[in-house]
Amino acid sequence: MIVTDEYGCSATSDAITNVVHALPSPTLSILDGDNEFCAGTEITFSAGCGTSYDFRVDGTVKQTGSQATYVTSSIVNGEVVDVIVTNSNGCIAVSQSIT
């Protein structure tokens, strides 16, 4: 960029190189294929495409870390599970939800 002051003096600034990292494409699946299970049953959610995972139930983080699976037996009707995925570049995306 060339900058000119009120006296007509100008200077060229150093170039800035931008690096844009891709967002992760988070996946979330439930190992119980039909999303129907009995109360108290352990259910496993599995995420992918990241290095860090924040599993949420109705917007509240229940598990954070590098573990790509979340096991719970406390899901009730209507609760929504999703996962915030962070990739190795620190970029973040939210998965589709499972109700």
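All values reported here derive from a predicted model rather than from experimental measurement.

Caption draft 1: Expanded view of the pairing of strand β8 (residues 81-86). The element β8 is extensively covered by neighbouring structure, given that six of its six residues are classed as buried. As paired strands, strand β5 (residues 52-57) and β8 are joined by six bridges and run antiparallel to one another. Among the inter-strand pairings, Asp 54 is bridged to a residue of β8, identified as Ile 84. Sheet analysis places β8 next to strand β9 (residues 92-94), joined by three bridges and oriented antiparallel. The residue of β9 that forms the bridge with Ile 84 is Val 94. The hairpin turn running from β8 into β9, its antiparallel successor, is five residues long, and Gly 90 in that turn takes a positive phi close to 85°.

Caption draft 2: Summary view of the sheet that holds strand β3 (residues 27-30). Strand order in this open sheet of three strands is β3-β4-β7, and the pairing throughout is antiparallel. Two strands close off the open sheet at either side, each with one partner strand: β3 and β7 (69-72). Shown here is a sheet whose adjacent strand axes are inclined to one another by a mean of 15°, direction ignored. Bridging between strand β4 (residues 43-48) and β7 involves four bridges; their strand directions are antiparallel. Across the sheet, residue Phe 45 finds its bridge partner in β7, namely Tyr 70.

Caption draft 3: How the structure looks around the sheet that holds β5. Sheet architecture is open: four strands sit in the order β6-β5-β8-β9, paired in antiparallel fashion. Every other strand in the sheet has two partners, leaving β6 (60-65) and β9 as the edge strands with one partner each. For this sheet the average axis-to-axis angle between neighbouring strands, irrespective of direction, equals 20°. Note that β5 and β6 share five bridges and pair antiparallel. Residue pairing in the sheet places Asp 54 in a bridge with Thr 64 of β6.

Caption draft 4: Just the pattern of salt bridges, in detail. Going through the model one piece at a time under the given rule, you end up with one salt bridge. In this structure, Arg 56 engages Asp 82 in a salt bridge whose closest nitrogen and oxygen atoms are separated by 2.7 Å. With a gap of 26 residues between them, Arg 56 in strand β5 and Asp 82 in strand β8 connect regions that are remote in the sequence. The exposure classification of Arg 56 matches that of Asp 82, with both residues buried.

Caption draft 5: Highlighting the state of the cysteines. Tallying each qualifying case throughout the model produces zero disulfides. Not part of a disulfide, Cys 49 finds its nearest cysteine sulfur in Cys 91, a span of 14 Å. What makes Cys 91 buried here is its relative accessible area of 14%.

Each value, and the rule that gives it
- Residues numbered from 1 in each chain as written.
- Predicted model: local features only at pLDDT ≥ 70, side-chain atom pairs only at ≥ 80, totals over all residues.
- Heavy atoms only, no water.
- Buried < 20%, exposed > 50% of the residue type's maximum accessible area, 1.4 Å probe, protein only.
- Helix = DSSP H or I, 4+ residues; strand = E, 2+ residues; numbered from the N terminus.
- Pairing = 2+ DSSP bridges.
- Axes fitted to C-alpha atoms, helices over the stretch in contact; angles between N-to-C directions.
- Salt bridge = Lys/Arg side-chain N within 4 Å of Asp/Glu carboxyl O.
- Disulfide = S-S within 2.5 Å.

Remember, this is a structural readout, not a statement about activity or role.
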